[in-house]
Amino acid sequence: VNLITKISNLVLLRCVSVAAWAQLAYLKDIQVNTNSEFSIIKKYLSGIGTSYLTNNGVDLSVGDDCAILEAKSKLLISTDTSIVGVHFLKSMPSDAIAYRSVAVALSDIAAMGGQPIAFNLSLVMPNFKPDWMKGFRKGLQKISREYKFPLIGGDLVKGPLQISVTVIGKPQKKALLRSAAKSGDILCLSDELGRGYIGFREFKNTGLVNKITKSYLYPVPQIDYGLAISNIASSAIDISDGILQDLSHLISSSGVGCNINLDKVPVVEGKSKKQCLEFGDDYQILYTVAPKKLELLKASLKSIGKECHTIGVMGGKKLKIINKIDSMKNWDHFK
């Protein structure tokens, strides 16, 4: 009996040792080395937009447990997560991955008529490649310069590639909400749709960075447009998931229906109209305005070289689609 007990104990001990070794190996595989983590952050994710810190009310940026902002008014805060194979292609240049991840988050600030102040970024990546990180930093620097707002913190973790961005902005006199559309308001669109789809299709087929693919790789959040309509429009939302999907959110939040004429919605390519309308990734602004304020809104947009496209009228209890396109779908993360 004693011999059997000893053998059993040895086998158990060996199993425990193997399990412990496996656990250590697993942890070693998934964790980023502490020294490596901080050196990567210092070299590639620090010093981005530092010249904007003071003007944007940032007292403390990257390098401590938290950033510190001096807030004298309400703030707008939004987070977007971009996952490889879902929100962007693995084959995209890393500067485009960085730029796009921040731009899609900034679009939420634009839709509420806000001015960007700062952003946080959490990067999850499977391994460290210096050239990839150089490009990623370049993309962050580019969008930071264009919208004059700094990177003030974040996180770095090892795992499947994904980027989470939290943007912080400040509203004008009022924040544009999804919930303030009224019956009789005119439904408007900031610009034509489909550049995201056409750019995606072109890049997937060619892998090239050119005038066509840039609309998908480096989308433009409509910050200036949002600021121009912020004190005139009654409600707004950005178009990320397709026009009908995002319009349904505005309808639901406002509690009022809408008659939309799809023939009045401008698209970049007529033969692909269905895809242009349903694909999303355009980051244009869909908004409403009271009829009596339409001319004032047009004048405000003209001052920045922009225009509005009137595509429908709010009213009733449901969404009514004029010139409906059969089998038109919109983006849903869980379908």
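The structure we're discussing is the one just above.
### A few points about helix 4 (residues 130-147)
No. 1: Compared with the 26 Å implied by 1.5 Å per residue over 18 residues, the 26 Å span of helix 4 between its first and last C-alpha is a close match.
No. 2: Within helix 4, the full set of buried residues consists of Met-133, Gly-135, Phe-136, Arg-137, Gly-139, Leu-140, Ile-143, Ser-144 and Tyr-147.
No. 3: Count one or two residues on from helix 4 and you reach Lys-148, which has phi positive near 50°.

### Side note on the side chain of Ser-78
No. 1: Summarising the element assignment, Ser-78 is placed in strand 3 (residues 76-83).
No. 2: Under the relative-accessibility criterion, Ser-78 is labelled buried at 16%.
No. 3: Among the polar contacts listed, one links the side chain of Ser-78 to the side chain of Asp-108, at a separation of 2.9 Å.
No. 4: Non-local contacts of Ser-78, meaning those with residues more than four positions away in its chain, are made with Asp-108, Val-165, Thr-166 and Val-167.

### Some points on helix 5 (residues 195-206)
No. 1: Taking 1.5 Å as the rise per residue, helix 5 with twelve residues should run 16 Å; its terminal C-alpha atoms sit 16 Å apart, in good agreement.
No. 2: For helix 5, the complete set of buried residues consists of Gly-196, Tyr-197, Ile-198, Gly-199, Phe-200 and Phe-203.
No. 3: Elements in contact with the buried residues of helix 5: helix 6 (214-217) and helix 9 (273-278).
No. 4: Gly-207, located one to two residues past helix 5, shows a positive phi value of around 70°.

### Here's the deal with the pattern of salt bridges
No. 1: Tallying each qualifying case throughout the model produces nine salt bridges.
No. 2: Here Glu-192 and Arg-195 are joined by a salt bridge, their closest N and O atoms 2.7 Å apart.
No. 3: Take Arg-195: its relative accessible area is 31%, and that puts it in the partly exposed class.
No. 4: Residues Glu-295 and Lys-298 are paired through a salt bridge, measuring 3.9 Å at the closest nitrogen-oxygen approach. You can see Glu-295 and its partner Lys-298 sitting in helix 10 (residues 294-302), three residues apart, about one turn around the helix.
No. 5: With a relative accessible area of 55%, Glu-295 lands in the exposed category.
No. 6: Owing to a relative accessible area of 36%, Lys-298 belongs among the partly exposed residues under this scheme.
No. 7: The structure contains a network of salt bridges with shared partners spanning Asp-191, Glu-192 and Arg-195.

Each value, and the rule that gives it
- Residues numbered from 1 in each chain as written.
- Predicted model: local features only at pLDDT ≥ 70, side-chain atom pairs only at ≥ 80, totals over all residues.
- Heavy atoms only, no water.
- Helix = DSSP H or I, 4+ residues; strand = E, 2+ residues; numbered from the N terminus.
- Expected span 1.5 Å × (residues − 1).
- Buried < 20%, exposed > 50% of the residue type's maximum accessible area, 1.4 Å probe, protein only.
- Polar contact = N/O pair within 3.5 Å; in protein donor to acceptor, adjacent residues only side chain to side chain.
- Contact = heavy atoms within 4.5 Å.
- Salt bridge = Lys/Arg side-chain N within 4 Å of Asp/Glu carboxyl O.

Remember, this is a structural readout, not a statement about activity or role.
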